[in-house]
Amino acid sequence: MAKPLAKSVSAQRYAVIGGGWAGCASAMELVRAGHAVTLFEAARTLGGRARKVEREGLVLDNGQHILLGAYTETLRLLKLAGQDPRALILNLPLQMRYPPNSGGMDFIAPRWPAPLHLAWALLRTKGLQRADKLSLMRFSSAMRWMGWQLYNDCSVSELLERFDQTGRLIKLMWRPLCLAALNTPPERASARVFINVLRDSLGASKRSASDMLLPKTDLSSLFPDAAARYVAQHGGAVHTGVKVDALIPLPDGRWQINGDDTYDGAVIATSSAQAATLLQGLQDERSSAVIEQLQAFTPEAISTCYLQYDPSVRLDLPFYALADAPEIGHWGQFVFDRGQLDTSQPGLLAVVVSASSQAAEQGHATLAQAIADQLAQVLAQAALAQPLWTQVITEKRATFACTPNLQRPGNASGIDGLLIAGDYTASEDSAHDYPATIEAAVRSGVQAAAQLSRQK
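Residues numbered from 1 in each chain as written. Predicted model: local features only at pLDDT ≥ 70, side-chain atom pairs only at ≥ 80, totals over all residues. Heavy atoms only, no water.

Chemist: Teacher, can you tell me more about the overall build of the chain here?
Modeler: Per the secondary structure count, the chain includes 15 helices and 20 strands. Its C-alpha radius of gyration of 22 Å places the chain within 12% of the 23 Å reference for a compact globule of 456 residues. Dimensions along the principal axes, computed over C-alpha positions, put the chain at roughly 70 × 50 × 40 Å. Counting every position in the chain, which comprises 456 residues, the buried fraction comes to 58%. Taking as baseline every contact in the chain between residues at least 6 positions apart, the subset at least 24 positions apart corresponds to 70%. Counting every atom, the chain has about 19000 Å² of accessible surface; 50% of that belongs to carbon and sulfur. Each charge class in the chain can be summarised by its mean position, and for the 42 positive and 42 negative side chains these summaries are 7 Å apart. (Helix = DSSP H or I, 4+ residues; strand = E, 2+ residues; numbered from the N terminus. Rg over C-alpha atoms; globule rule 2.2 N^0.38 Å. Buried < 20%, exposed > 50% of the residue type's maximum accessible area, 1.4 Å probe, protein only. Contact = heavy atoms within 4.5 Å. Areas by Shrake-Rupley, 256 points an atom, 1.4 Å probe, with all protein chains shown as cover. Lys, Arg positive; Asp, Glu negative; His and termini not counted. Charge placed at Lys NZ, Arg CZ, Asp CG, Glu CD.)

Written out as structure tokens, the structure reads:
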């Protein structure tokens, strides 16, 4: 993980292209080091693929998110931007809890020191048989013995089979965790990256790393908007609604943006596809290998279905896990009670479907009704089958498919003075490669800022 930048001896003028979480992180770190920074975002709203949207007169998110206590860089930059995580995020202990009598499990870790919190949680878990618990204990012990490292990557399914994980444990714990973290089904997901996530959460020496964090405000307000204020307060500029179509290298090593202002360097913090397009426009062979890697990613979709009910509707918990079963129309994997996160949204439930390409093919109306029927059944409340209104938001390119041995580019573009940042880049240390998460985006942005400063 890159270290936060120290104050620069020689201030430079930098451009950051893309106002998602990676771009905002880069811009913050560069202005904090004393550089002059201009942030460009093509959309009117900051946040990229984790941003606010307005529907039915409500401010929602383009996707419901869970953060982890292990997201150290995200939490650090939130505080640096003047945000108070305690006020803006609901902090819950690690848990995997299904609705009562739905055939699931009830796992919740006490706020005890690690690893005692997990041992006690497993002992007290309802819905798992003795064989399931022993299976989980063996897996956890083996991972600790291996130092949470996997030298030869394989699929998550192969990993779980190798360590004799029971079918019920896979269905109720490992599969939903893999979908939530990697947005890739276990049979196609990278075991090495999955283990990295488990190491930094379940296997961390601090219990708080495994905490589950639910934003109580919209995602744009949580960080990107605060980051923009921080950049402006430190002499930088933020331009929304401005698309960067052209990067022009100048003979003196500087860069011209859209044929206008010049900069000493730039960070491309767009999607991988957009980054490839910008690099292709340079027609510089030094970036050809990076372009190939950027174009090789396979997108994975995430769908979030919002269902509005009478304000009196309230879940017993802030969120529940749901057992998905597409063959019977049960697409939902987690349901969140937005009213418990934001008091202005009573009666609003959000259901997440990760790796949702097949679900999205059903069509919004059909998918929303199927999810409403699923909620009515598993929560044993018939009225949930008839919401007042529904809204399905599908991000077709929400993440990349995090498959075994995936070759990811680093932050270097191959061209001096030009870095790339995004949740798709590799970490400077492969042991810290993360899937396409908010934390991965932030870490990449911090790394890009550090590398750009070192080049000058």
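Chemist: Before we go on, may I ask you to explain the nonpolar core in this structure?
Modeler: In a soluble, globular protein the nonpolar side chains are often hidden away together inside. By size, the foremost hydrophobic cluster in this structure holds 124 residues, and its most contacted members are Trp21, Leu159, Trp174, Ile268, Leu294 and Leu418. When sequence neighbours within four positions are dropped, the list of residues in contact with Leu294 reads Ser272, Ala275, Ala276, Leu279, Pro409, Ile420 and Tyr424. (Core = buried A, V, L, I, M, F, W, Y, C linked by side-chain atoms within 4.5 Å.)

Chemist: Got a minute to help me understand the pattern of salt bridges in this structure?
Modeler: Scanning the model with the defined rule gives 17 salt bridges in all. Ionic pairing is found between Arg86 and Asp84, a salt bridge with its closest N-O pair at 3.4 Å. Judged by its relative accessible area of 73%, Arg86 falls in the exposed class. Residue Arg111 pairs with Asp211 through a salt bridge whose shortest N-O separation is 3.4 Å. One end of the pair, Arg111, is in the loop between strand E8 (106–108) and helix H4 (116–124); the other, Asp211, is in the loop between helix H8 (191–200) and strand E9 (212–215), with 100 residues separating them in the sequence. (Salt bridge = Lys/Arg side-chain N within 4 Å of Asp/Glu carboxyl O.)

Chemist: How should unusual backbone geometry be read in this particular structure?
Modeler: Most peptide bonds adopt trans geometry, and most residues besides glycine take a negative phi value. In the segment running from Ala114 into Pro115, the intervening peptide bond is cis, with an omega of 0°. Counting through the fold element by element, Pro115 comes out in the loop between E8 and H4. For Asn101, which is not glycine, the phi dihedral falls at a positive 65°. Checked against the element boundaries, Asn101 lands in the loop between strand E7 (95–97) and E8. Even without being a glycine, Ala380 presents a positive backbone phi close to 55°. Tracing the chain through its elements places Ala380 in the loop between helix H14 (364–378) and strand E19 (389–400). Here Ala380 falls in the exposed class, since its relative accessible area comes to 68%.

Chemist: Looking at this model, I keep getting lost on the sheet that holds strand E1 (residues 13–17). Mind explaining?
Modeler: Backbone hydrogen bonds are what pair the strands of a sheet, in a parallel or an antiparallel way. Across the sheet, 5 strands lie side by side as E10-E2-E1-E14-E20; this open sheet has parallel pairing. Of all strands in the sheet, those bounded by a partner on one side alone are strand E10 (237–240) and strand E20 (418–420). When the angles between neighbouring strand axes are averaged without regard to direction, this sheet yields 15°. With 4 bridges connecting them, E1 and strand E14 (residues 265–268) associate as parallel partners. Considered in E14, the bridge of Tyr14 is made with Gly265. (Pairing = 2+ DSSP bridges. Axes fitted to C-alpha atoms, helices over the stretch in contact; angles between N-to-C directions.)

Chemist: Looking at this structure, how should I read the pairing of strand E17 (residues 334–337)?
Modeler: On any regular strand, side chains alternate: one points to one face of the sheet, the next to the other face. Of the two faces of E17, both are covered, the one formed by Phe334 and Phe336 as well as the one formed by Val335 and Asp337. Sheet topology places strand E16 (residues 319–321) next to E17; 3 bridges connect them, and they run antiparallel. In the strand pairing of E17, Phe319 is matched with Phe336. Note that E17 and strand E18 (residues 348–354) share 4 bridges and pair antiparallel. The residue of E18 that forms the bridge with Val335 is Val351.

Chemist: Got a minute to help me understand the sheet that holds E18 in this structure?
Modeler: Strands sit in the order E16-E17-E18-E15-E19 across an open sheet of 5 strands; the sheet is antiparallel. The sheet is open, and its two borders are formed by E16 and E19, each paired with just one other strand. Looking at each pair of strands side by side, their axes are set apart by 15° on average, direction ignored. Relative to E19, strand E15 (residues 299–308) is paired through 9 bridges, and the arrangement is antiparallel. For Pro299, the partnering residue across the bridge sits in E19 and is Phe400. Sitting on the sheet, H14 is in contact with E15, E17, E18 and E19, with an inclination near 65° to E15.

Chemist: Would you mind showing me how to read helix H1 (residues 21–32) here?
Modeler: An α-helical turn contains 3.6 residues, so a residue and the one three or four places further along point in the same direction. Along its 12 residues, H1 runs 16 Å from first to last C-alpha, staying within 8% of the 16 Å computed at 1.5 Å per residue. Most of H1 is tucked away, with 11 of its 12 residues classed as buried. Along H1, the positions that sit buried rather than exposed are Trp21, Ala22, Gly23, Cys24, Ala25, Ser26, Ala27, Met28, Glu29, Leu30 and Val31. Looking one or two places after H1, you find Gly34, whose phi comes out positive at around 100°. (Expected span 1.5 Å × (residues − 1).)

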